[in-house]
Amino acid sequence: MAKPKLLIPRKLTDAVQARAARDYDVVLNEDDHVFSKDELIAKSSEADAVLPCHSEHFSAEVIAALPDRVKIIANHSVGTDHVDLEAAKAKGIVVTNTPDVLSDATAEIAILCMLGAARRGAEGDAMVRAGAWDFWSPAFMVGRQVTGKRFGVVGMGRVGQVTAERARGFGMEVHYHNRRRLPDHLEKGATFHETLESLLAVSDVLSLHCPSTPESAGMINARTLALLPAGAILVNTARGALVDEDDLIAALKSGQLFAAGLDVFQTEPGGNPELAKLSNTFLLPHIGSATDQTRDAMGFRALDNLDAFFAGQPPKDRVA
């Protein structure tokens, strides 16, 4: 029996691509460029399955253009905001994601962003690299200590829970807002807030871990930023669309926020040049899951979903 034809639009780890090549008739993107819309349609149309990353946008228009041959989109990501799930359902295309396996790596980046923002990490690094460190006094490079502060989590899913656990290691008091309250064994003494507004009022550090949806887009804006304690710190390792970046810049300039640590942006790749001009930002290029261990695990999880589908079994991580 012929192997299913699998399109892998981006370069994955050697171990993942080797396993894929063993079990599927694989089409690779050898130079790892981002497919244009037309190229994505053309390449996908020649396959039975696609294993895309967040850089491949399966909009309603793209999905409508796909032939019936395409049966499954097995995402190499937890977030699925790059796939129109309703259009996929209507087309009869199964969609899966890769939960669980990147929680630790993303939580580490969230803590890095928090500490980098609080202790002026980017500013200090740039100073030393430029050979401009020629002064010291007790007032030099004074930042914020996070130990004992209140850590607010928006979205207490897998990543949010792991990040909260890491924050507890700094003696931080965990508060959270979620669609529903967690059971005691997962809540671990954290304080639940039924409304975002209630959480914001007590968040010395606010860390975003919720999905990007039409409802959550721009949820961090001038109104909500004003509800944070003066001098708070914003951390975003979820999705750039959650934050109105113009309003964030204004809050950083006014001092309403002490700093922001960001791994995601509205425009990716590239980020926001205006945010990059500010000394009170700590910025990373969306590397929350970028470890060898995690990228292997993500690829294997996507392949597990494909294996189940082509064996006639329900994929474990089906989202559409």
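Refer to the structure printed above.
Residues numbered from 1 in each chain as written. Predicted model: local features only at pLDDT ≥ 70, side-chain atom pairs only at ≥ 80, totals over all residues. Heavy atoms only, no water.

Draft legend 1. Main features of the sheet that holds strand 4 (residues 72–74). An order of 2-1-3-4-5 is seen for the five strands of this open sheet, with the pairing classed as parallel. The open sheet has two edge strands, strand 2 (25–28) and strand 5 (94–96), and neither has a second partner. Pairing analysis gives two bridges linking strand 1 (residues 5–8) to strand 3 (residues 49–50), with the strands arranged parallel. Note that in strand 3 the partner of L7 across the bridge is V50. (Pairing = 2+ DSSP bridges. Helix = DSSP H or I, 4+ residues; strand = E, 2+ residues; numbered from the N terminus.)

Draft legend 2. Summary view of the sheet that holds strand 8 (residues 191–193). Strand order across the open sheet formed by seven strands is 8-7-6-9-10-11-12, with parallel pairing between neighbours. Strands at the two margins of the open sheet, each flanked by one partner only, are strand 8 and strand 12 (281–283). Averaged over all pairs of adjacent strands, the angle between strand axes in this sheet comes to 15°, irrespective of strand direction. As paired strands, strand 11 (residues 257–262) and strand 12 are joined by three bridges and run parallel to one another. If you follow L262 over to strand 12, its bridge partner there is L283. Each of strand 6 (150–154), strand 7 (173–177) and strand 9 (205–208) touches helix 7 (residues 158–168); the most contacted strand, strand 6, lies at about 175° to it. (Axes fitted to C-alpha atoms, helices over the stretch in contact; angles between N-to-C directions. Contact = heavy atoms within 4.5 Å.)

Draft legend 3. Local environment of the state of the cysteines. In the structure shown here, the tally under the stated rule is zero disulfides. The closest cysteine sulfur to the non-disulfide-bonded C210 is located on C113, 15 Å from its own sulfur. A relative accessible area of 11% places C210 in the buried class. (Disulfide = S-S within 2.5 Å. Buried < 20%, exposed > 50% of the residue type's maximum accessible area, 1.4 Å probe, protein only.)

Draft legend 4. Structural detail: the pairing of strand 10 (residues 232–236). Counting buried residues in strand 10 gives five out of five residues, a clear majority hidden from the surface. Here strand 10 shows no split at all, with A232, L234 and N236 on one side and I233 and V235 on the other all buried. Bridge analysis of strand 9 against strand 10 gives four bridges, and the strand direction is parallel. When the bridges of strand 10 are listed, S207 appears paired with V235. Read from strand 10 through helix 11 (residues 245–254) to strand 11, the crossover connection turns out right-handed. (Right-handed = clockwise from strand over helix to strand, strands pointing away.)

Draft legend 5. Just the packing of helix 1 (residues 14–23) against helix 13 (residues 292–310), in detail. At their nearest, the axes of helix 1 and helix 13 sit 8 Å apart, and the two run at 20° to each other. Between helix 1 and helix 13, the angle falls in the class roughly parallel. When the axes of helix 1 and helix 13 are compared, the crossing they make is right-handed. Between helix 1 and helix 13, the contacting residues are A15, V16, R19 and A20 on the first element and R295, D296, G299, F300, L303, D304 and D307 on the second. (Parallel < 35°, antiparallel > 145°, perpendicular 65-115°, else oblique. Left-handed = near helix turned anticlockwise from the far one by under 90°.)

Draft legend 6. Broad picture of the pattern of salt bridges. Counted under the stated rule, the structure contains 21 salt bridges. For D23, the salt bridge identified is with R22, shortest N-O distance 2.8 Å. Look at R22 and you get exposed, because its relative accessible area is 54%. Ionic pairing is found between R181 and E187, a salt bridge with its closest N-O pair at 2.8 Å. Residue R181 is classed as exposed on the basis of its relative accessible area, which comes to 53%. Judged by relative accessible area, which is 4%, E187 ranks as buried. (Salt bridge = Lys/Arg side-chain N within 4 Å of Asp/Glu carboxyl O.)

Draft legend 7. Seen up close, helix 1. When we look at burial in helix 1, the residues that qualify are V16, Q17, R19 and A20. On an axial view of helix 1, the arc spanned by its buried residues comes to 160°, and they lie on one face. Residues of helix 1 that are exposed and point more than 90 degrees away from the buried face comprise D14 and R22. In this fold, the buried residues of helix 1 make contact with strand 1, strand 2 and helix 13. (Arc of directions from axis to C-beta.)

Draft legend 8. Unusual backbone geometry, seen in detail. The linkage connecting E268 with the following residue, P269, adopts the cis geometry, with an omega of -5°. Relative to the elements of secondary structure, P269 occurs in the loop between strand 11 and helix 12 (273–276). A positive phi angle is found at R120, which is not glycine, with a value near 60°. Inspection of the secondary structure puts R120 in the loop between helix 5 (103–118) and helix 6 (121–129).

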